[in-house]
Amino acid sequence: MTVAGIEYLVCDINEVRETQSAHPWLASLLSPAEVKRSDRLRHASDRIAYRCAHLVLRLLAARRLGADVRSAGDLEFTRCCRSCGGPHG
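These numbers were taken from a predicted model, which means no experiment stands behind them. (Residues numbered from 1 in each chain as written. Predicted model: local features only at pLDDT ≥ 70, side-chain atom pairs only at ≥ 80, totals over all residues. Heavy atoms only, no water.)

Draft legend 1. Representation of the side chain of H54 in the model. As for its placement among the helices and strands, H54 is situated in helix α3 (residues 44–64). Relative accessible area serves as the criterion here: at 13%, H54 is assigned to the buried category. In contact with H54, other than residues within four places in its own chain, are L30, E34 and R79. (Helix = DSSP H or I, 4+ residues; strand = E, 2+ residues; numbered from the N terminus. Buried < 20%, exposed > 50% of the residue type's maximum accessible area, 1.4 Å probe, protein only. Contact = heavy atoms within 4.5 Å.)

So this is what it looks like as structure tokens:
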């Protein structure tokens, strides 16, 4: 049996927000579906947190795959619930 490494990331959402403000092009990395889903959240703080989390996910995935940061917006993610198989997992 192979034991996979687990990486943890602790990220301050305020720093992500400041970075996004300093580099507005980062928002363009989010997919239209991510933007649409975040827009459905009731509270502005939840919308910001959702977008920041998905932005960080995209940047980390691009780095892990050895892709250029600017291509992080081209990555496609699928959502699949472990319980029912629906697209909300």
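Draft legend 2. The pattern of salt bridges, seen in detail. Counting across every chain of the model gives two salt bridges. With a closest N to O distance of 2.9 Å, R58 and E34 form a salt bridge. With R58 in helix α3 and E34 in helix α2 (residues 32–39), this residue pair connects regions lying 24 residues apart in the sequence. Each of the two residues, R58 as well as E34, counts as buried. Of the charged contacts, one joins R51 and D39 as a salt bridge, the two residues approaching to 2.6 Å between their closest N and O atoms. (Salt bridge = Lys/Arg side-chain N within 4 Å of Asp/Glu carboxyl O.)

Draft legend 3. Inspection of the side chain of E34 at higher detail. Under the relative-accessibility criterion, E34 is labelled buried at 8%. With residues up to four places along the chain from it excluded, the contact list for E34 reads L29, Y50, H54 and R58.

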